[in-house]
Amino acid sequence: MRAWRCSTVRWLFLAILITVAIEVQCATKDPYTALGVERRATLQEIRRAYKQLAKEWHPDKTKHPEAEKKFVEIKQAYELLSDSERRKAYDQFGITNEDAILNRERPDYTGYGRFQDPFEHFYGAHNFNFHDQDISLYHRLSITAKYYESNILPKSHQTPQILMFYADWCFDCMKAANSFKKMIDTLEPYGVTFATINAGHEQQLVRKTGVHSLPCIIMVLDGHNYIYRESVFNAQNLVDFIRQKMPYKLLVPVTDDTIDAFLGGWSDNRVRALILEPRAQPRLRYLITAFYFRDRVAFGFVSLSAKDTRRTQERFKIHPSLDSLLLFNEYPSRPVASISMSDIPSPTLNNVISVNKYLVLPRLSSQHVLDGVCPAEWNRPRKRLCVVLVTENTSLHDGARQMMRRMALESSFSRERVRFAYIYKEKQDEFIGTLSKHNQLQDALLKLVIFWRRDTNHVRYEWIHEVMLQVDKTAENDTQDQFFNTTKQKVDSAIQRLLRTSEALSFEAEVKDLMDEHAQSLAVRVLNRVLLAIEFMTDNLGQEHILPAVSVVGTIAFIFIIGYLMSYLLRLEEEDIQLKQGKNVDNLNGKSASYVPELRLHELRAEKYNGLVRLLKPGCRTIVLLSDMQSRPKLISAFHKAVWPYRKNKTLMFAHMLIEKGIGWYAELLRLSLSESREMKINPRNCIGTVIALNGHRKYFCMYHAKHPESNRGAKRMIKITRHLSSMPSDPEAGAFLGMESSDSETSMSDVSEPKILLEENLLDGLPNWLDRLFEGTTHRYYINYWPDFTSK
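Let us look at the structure shown here.

Looking at the overall build of the chain
Link 1 in the chain: From N to C terminus, the chain includes 29 helices and 22 strands.
Link 2 in the chain: Here the chain, with 793 residues, has 42% of them falling under the buried criterion.
Link 3 in the chain: Put simply, 72% of the contacts in the chain that link residues at least 6 apart link residues at least 24 apart.
Link 4 in the chain: Total accessible area on the chain is roughly 45700 Å²; 53% of this is exposed by carbon and sulfur atoms.

Considerations on helix α4 (residues 67-82)
Link 1 in the chain: Between the first and last C-alpha of α4 there are 22 Å, a value that for 16 residues agrees with the 22 Å anticipated at 1.5 Å per step.
Link 2 in the chain: Listed as buried for α4 are Ala67, Phe71, Ile74, Ala77, Tyr78, Leu80 and Leu81.

Comments concerning the state of the cysteines
Link 1 in the chain: Under the definition given, this model contains 1 disulfide.
Link 2 in the chain: Between the sulfur atoms of cysteine 374 and its disulfide partner cysteine 386 the distance amounts to 2.0 Å. Taking the sign of the torsion about the S-S bond as the criterion, the disulfide between cysteine 374 and cysteine 386, at about -130°, is left-handed. Of this pair, cysteine 374 sits in the loop between α18 (367-373) and β10 (385-391) while cysteine 386 sits in strand β10, and the two are 12 residues apart along the sequence. By the burial criterion, cysteine 374 is buried, and cysteine 386 matches it.
Link 3 in the chain: Not part of a disulfide, cysteine 216 finds its nearest cysteine sulfur in cysteine 173, a span of 9.8 Å.

A closer look at the packing of helix α3 (residues 43-57) against α4
Link 1 in the chain: Contact geometry of α3 with α4 gives a least axis separation of 10 Å together with a crossing angle of 165°. Classed by the angle they form, the pair α3 and α4 counts as roughly antiparallel. Crossing of α3 over α4 shows left-handed handedness. Contact residues: Leu43, Ile46, Arg47, Tyr50, Leu53, Ala54 and Trp57 in α3; Ala67, Lys70, Phe71, Ile74, Lys75, Tyr78, Leu81 and Ser82 in α4.

Concerning the sheet that holds β10
Link 1 in the chain: The strand order across the open sheet built from 5 strands is β11-β10-β12-β13-β14, with neighbouring strands paired in mixed fashion. In the strand order of this sheet, the two ends are held by β11 (418-424) and β14 (507-510), each with one partner. On average, adjacent strands in this sheet sit at an angle of 35° to one another, irrespective of strand direction.
Link 2 in the chain: One ladder, built from 6 bridges, connects strand β12 (residues 448-453) with strand β13 (residues 458-464); its direction is antiparallel. Note on β13: the bridge partner recorded for tryptophan 452 is arginine 460.

Focus on the environment of arginine 47
Link 1 in the chain: Along the polypeptide, arginine 47 turns up in helix α3.
Link 2 in the chain: Owing to a relative accessible area of 31%, arginine 47 belongs among the partly exposed residues under this scheme.
Link 3 in the chain: The sequence separation of arginine 47 and tyrosine 78 amounts to 31 residues, and the corresponding C-alpha distance is 7.5 Å.

As for unusual backbone geometry
Link 1 in the chain: Leucine 214 connects to proline 215 through a cis peptide bond whose omega is -5°.
Link 2 in the chain: Within the secondary structure layout, proline 215 lies in the loop between α12 (203-209) and β3 (216-221).
Link 3 in the chain: For lysine 317, which is not a glycine, the phi torsion comes out positive at approximately 55°.
Link 4 in the chain: Positionally, lysine 317 belongs in the loop between α16 (310-316) and β8 (323-328).

Here we look at the sheet that holds strand β1 (residues 161-166)
Link 1 in the chain: Read from one edge of the open sheet, 4 strands run β2-β1-β3-β4, paired in mixed fashion. Every other strand in the sheet has two partners, leaving β2 (193-198) and β4 (224-228) as the edge strands with one partner each. Pairwise comparison of adjacent strand axes, ignoring direction, gives a mean angle of 25° for this sheet.
Link 2 in the chain: Two strands pair when backbone bridges link them, and β3 and β4 are joined in this way by 5 bridges, in the antiparallel orientation. Residue methionine 219 lies in a different strand from β4, and its bridge partner there is tyrosine 226.

Let's talk about the packing of aromatic side chains
Link 1 in the chain: Summed over all chains, the structure comprises 20 aromatic pairs.
Link 2 in the chain: Measuring from ring centre to ring centre gives 6.0 Å for tyrosine 138 and phenylalanine 180, while their planes differ by 50°; the resulting arrangement is tilted. Of the two residues, tyrosine 138 sits in helix α8 (residues 136-140) while phenylalanine 180 sits in helix α11 (residues 177-187), which places them 42 residues apart along the sequence. For the pair shown, tyrosine 138 and phenylalanine 180 are each scored as buried.
Link 3 in the chain: Ring geometry for phenylalanine 431 versus phenylalanine 451: centroids 6.2 Å apart, planes at 70°, classification edge-to-face. Of this pair, phenylalanine 431 sits in helix α20 (residues 429-439) while phenylalanine 451 sits in strand β12, and the two are 20 residues apart along the sequence. Here phenylalanine 431 and phenylalanine 451 have matching classes, each one buried.
Link 4 in the chain: In textbook terms, an aromatic cluster arises when at least three aromatic residues are bridged by ring pairs, as seen for Tyr138, Tyr166, Phe180 and Phe194.
Link 5 in the chain: Over the face of the ring belonging to tryptophan 57 we find lysine 70, whose NZ or CZ atom lies 5.9 Å from the ring centre.
Link 6 in the chain: Taking the ring centre of phenylalanine 262 as reference, the NZ or CZ of arginine 272 above it sits at 5.5 Å.

The rules behind the values
Residues numbered from 1 in each chain as written. Predicted model: local features only at pLDDT ≥ 70, side-chain atom pairs only at ≥ 80, totals over all residues. Heavy atoms only, no water. Helix = DSSP H or I, 4+ residues; strand = E, 2+ residues; numbered from the N terminus. Buried < 20%, exposed > 50% of the residue type's maximum accessible area, 1.4 Å probe, protein only. Contact = heavy atoms within 4.5 Å. Areas by Shrake-Rupley, 256 points an atom, 1.4 Å probe, with all protein chains shown as cover. Expected span 1.5 Å × (residues − 1). Disulfide = S-S within 2.5 Å. Axes fitted to C-alpha atoms, helices over the stretch in contact; angles between N-to-C directions. Parallel < 35°, antiparallel > 145°, perpendicular 65-115°, else oblique. Left-handed = near helix turned anticlockwise from the far one by under 90°. Pairing = 2+ DSSP bridges. Phe/Tyr/Trp six-rings, centres within 6.5 Å; stacked < 30°, edge-to-face > 60°. Lys NZ or Arg CZ within 6 Å of the ring centre and 35° of its normal.

Here's what the structure looks like:
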């Protein structure tokens, strides 16, 4: 009991010390004090305070010696307080690091191993041995979905990320804990990152990654998830799994016949690296290193045990039993760096390659290269200059680039202060145009520009006009050397002048990001997507999934094929029918006439009245010709000719009516269209040749007659005109078709002109013109309240 009390006192004392340390740390780096706000300040108040202080303490706005330090402190304080989770963690525990928040939120299960297994008393230690299963490892490495999105996915483009999905009460997960720890001990030195995810807390992430059972290992590589499906969890199987999922030909096989072509391919703006091993295939650590530096370094693999690599070993004096790394730039005769060890550690590989990952004269081919060669350094007291040659992708400018490369090699300035590079004008025309616009430079080709990146979007620059790098290749060596020395002297003088702290570059411009010259085309991206989809289906679909999927796809394909065959046969049948109907031989020309739609002419009778008039759909009309038995042959022929151009209009129907049968319906129709109610006396003979366009849905009709004085003023105007016409003795038929027969007194009025009499064959001469006006909407419409019944005599 006394020992327990002593232990408790010690733990309490240690907790007090930790609390005091945290409070001291918070007192020295209090974000609220840095921003000058209270702890209960709102997000708007914090943002307002940050903007004000950022303006005051920005290094470009003040010359205070502590401006840079103060500005960084203000920015870090704002980033902490603007994040609600980090602010809450700071207020409760004084934690300022986001990774510490994740560790703080994980429950501590480290004490499980100190307790006796409760199942040992009943089943024995061999059944449930929790002592050997360090499940606390899962909790220490546990991450959230937010951490997965913000850290795991971006880092997977450089190194493999291994995730273990587990659950708190998963016995298989407990059994796999030791194996997972051995994987970490084996592969973590190679650069592989390990993490765990509690499947019970991150169910959405479980569905997103395709986890099928627990425990489950997933490798995140280049933004894609690959499921480890082996039932045995050991380091060797995981190594084989990672090696299998690595991109194809990260390390290109190199022999004595291909080494010169490989080392001479630096025109793609990448350094060449040779991995030489006494094995048939490279180790995983070299594959991971090649994946990390694949954008800047092209890796080749030389197997020292192969017979076709003997000359390469002798050429570079390689030890046959050691692993070697050789780095080459534009001069492949000798490496710029080399390492030979039995096992080259991954940190050593990364350090050596990081220092030499750019050529002597790199090309600014993307924003990533620009950030690496000419980084933005506004927070440094000394300027870092970039001397850039503007060229084009042509062999005519090789001499200028070679002179620039020689100038970079013989430069007396350190690479930390001055970097030399070149750029393609046709590829980065917007960037060069921005720098040329302010200086009004007509032609920037083969010109040198020196710039300093104040921040990511602003540069200060200056052109060196008096330097010309193009020299005649046919000139003697002494002349070329003299020209080079003169040019180098001018460039060094300009660099020396601009490196002074008191000297400022002449111009400033805001530039956009460089175009990525190495970006994949749309076709390549689509092809990669298809290959990834195929690989994903191959990895994630088993036989129990493939057979139903194939069945569904086969059924859908069968339905489409049958539907296509049926539509094809139907189309063939329709074409055959049309071909038979269109075989009307033209006797005059001796050619078969093509099929044209026929014009159906209905007869308006009582049994067809509803279909032709009352039940018409909206927008449809029926055009009816009035005739009698004697005039029908002549009038129908003329009517057919006039309406033939409108035969393809599906909103029109054409009909004719015998006036003897429908005189009662016609008289009632005219009576309903007049504004006054009166008895209509119509002479059927005078109605011959009348054409009526009936709109059954909207209940109106339009009328054509050779003697009809159509007007837009309505029915009253029509009655007045017809009365006037009926009083004209020169034309006794005028107005008679409306029932306005002239009286004896009216006919006694004399007219000096000769009577105008129309013949039957001329009654429809004006019908085509009237049809044009009908479809233009300029004919007068006579509205009725209802359609009268059709009663045949």
